[in-house]
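# Tertiary structure, described
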Amino acid sequence: MTVALGMPVVPTAHDPGPRPPVNELVDSFGRVARDLRISITEKCSLRCTYCMPAEGLPALPRDATLTAVEIARLVGIAARDLGVREVRFTGGEPLMRADLEEIIARSAAAAPGVLIAMTTNGLGLTRRAERLVSAGLHRINISLDTVDPQAFAALTRRDRLHDVLAGIQAARDAGLSPVKLNAVMAEETLAGAGDLLAWAVAERLHLRFIEQMPLDADGTWDRSRMVTAADLLAELSGRFTLTPVGRPDPTAPAEEWRVDDGPATVGVIASVTRAFCGDCDRTRLTAEGTVRSCLFGDDETDLRAALRSAADDAVIADLWRGAMWNKQAGHAMGAPSFARPLRSMGAIGG
Ligand code: SAM
Ligand code: SF4
């Protein structure tokens with residue numbers, strides 16, 4: 001909020017004021033959260049340099065992570081009482097949970113009509129994709145930054161490209177459609193971005209490139225070295241004719257570009273250089289059961305304690321509403337006052 005005094009504009013702290021008595025997850029800037037991201041584990045089978053430390057995140061204490069029953073109860077509250085329309089399981093790597101099928105089945109039963117999605121690195125999907133679909137999984141995003149095995153191994157610290165490609169095929173064979181690919185942009189993979197796009201177009205997979213955010217556990221992200229959406233488009237334009245088609249869904253962060261004569265498009269998510277915080281409709285739960293209103297907001301509200309102290313659904317829903325009302329305006333990544341969040345991406349859930 002700013003105060004004009006007939007003098008230079010003076011920025012002041014934003015006062016959210018009293019929360020209106022509505023059921024939905026509204027915030028004091030007028031946004032409504034309908035898209036729930038749930039991290040169900042901090043463990044992962046890869047060690048992407050822009051996300052995890054080489055040794056992985058420290059193990060959470062036993063019982064710190066929400067159970068399948070607790071997750072499904074929160075999904076039910078979100079759908080029934082808070083107006084959430086889509087739930088996405090993420091992590092860490094969701095496939096690290098042996099009870100993922102149970103989490104999905106219980107959540108689907110608790111929230112009929114809600115879209116159930118997952119973001120995954122794809123490792124292990126060959127064995128589980130069909131069961132996940134039978135449990136109630138509707139949509140899948142698989143992360144793939146490069147089709148070059150050496151670059152993949154360097155970026156993820158694991159030589160597993162062939163397993164990810166098999167996982168993508170398994171997702172398609174299980175009937176998941178569309179399968180979307182997420183590629184985080186990095187200096188090491190920029191030269192191979194054209195090969196990745198050509199492969200995705202040939203395979204009829206929808207690819208979205210994402211600007212890397214300062215959420216790596218190692219703390220090495222550097223604004224001056226990051227690959228921007230403009231860098232990527234310059235790289236791809238040497239090989240493809242790209243025609244802008246805008247943002248078909250204003251709540252979806254990707255700007256789409258038609259590739260050559262189409263029909264394929266490629267998405268670019270410019271989280272850093274063209275922030276879309278004003279349209280954000282997300283609410284997040286960490287694996288430990290805290291609500292996080294923003295990727296970059298360290299204020300978290302503990303729902304796990306309420307769940308485990310026999311609080312009823314109305315109390316939990318109201319805690320959640322309170323957490324979202326105080327959501328910050330945006331990530332302020334360009335501001336001198338910007339501070340990296342305490343949790344890294346693998347501990348928040350992307
Ligand atoms: N392990 C799963 C995967 O990789 O898809 C799910 C969790 S991962 C944290 C979710 C998404 O966040 C992935 O698409 C990943 O590429 C992206 N991601 C991780 N670190 C990021 C960063 N520093 N900036 C932008 N996106 C990031
Ligand atoms: Fe694991 Fe996903 Fe993070 Fe890569 S981006 S380290 S696959 S959680």
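See the structure printed just above.
A few points on the structure. (Residues numbered from 1 in each chain as written. Chains lettered and ligands numbered in written order. Predicted model: local features only at pLDDT ≥ 70, side-chain atom pairs only at ≥ 80, totals over all residues. Heavy atoms only, no water.)

### Comments concerning the sheet that holds strand β7 (residues 115-120)
Strand order in the open sheet made by the 12 strands is β11-β12-β13-β10-β9-β8-β7-β6-β5-β14-β15-β16, with mixed pairing throughout. What marks the edges here is a single partner per strand, and that holds for β11 (242-246) and β16 (300-302). Taken pair by pair, the neighbouring strands of this sheet meet at an average axis angle of 25°, ignoring direction. Against the sheet, helix α2 (residues 100-110) touches β6 (86-90) and β7, its axis set at about 155° to β7. Its contacts with the sheet put helix α6 (residues 193-202) on β9 (179-184), β10 (206-210), β12 (255-259) and β13 (265-269), and the angle it makes with β10 is roughly 155°. (Pairing = 2+ DSSP bridges. Helix = DSSP H or I, 4+ residues; strand = E, 2+ residues; numbered from the N terminus. Axes fitted to C-alpha atoms, helices over the stretch in contact; angles between N-to-C directions. Contact = heavy atoms within 4.5 Å.)

### Quick notes on the site of ligand 2
Around ligand 2, the structure places Cys44, Leu46, Cys48, Cys51, Met52, Gly92 and Asn121. Along the lines of polarity and charge, the residues of the shell around ligand 2 split into five nonpolar, two polar and no charged. (Near = heavy atom within 4 Å. Nonpolar A, V, L, I, M, F, W, Y, C, P; charged D, E, K, R; others polar.)

### Examining the pairing of strand β8 (residues 139-143)
Bridge analysis of β7 against β8 gives four bridges, and the strand direction is parallel. Paired with Ala117 across the strands is Arg139, a residue of β8. Taken together, β7, helix α3 (residues 125-135) and β8 constitute a β-α-β crossover, and its handedness is right-handed. Inspection of the sheet shows β8 paired to β9 by four bridges, in the parallel sense. (Right-handed = clockwise from strand over helix to strand, strands pointing away.)

### Here's the deal with helix α7 (residues 229-237)
For α7, the full list of buried residues reads Ala229, Leu232, Leu233 and Leu236. Angularly, the buried residues of α7 cover 95° about the axis, an arc narrow enough to put them on a single face. Along α7, the residues that are exposed and aim more than 90 degrees away from the buried face are Ala230 and Ala234. Buried residues along α7 sit in contact with α6, β10, β11, β12 and β13. (Buried < 20%, exposed > 50% of the residue type's maximum accessible area, 1.4 Å probe, protein only. Arc of directions from axis to C-beta.)

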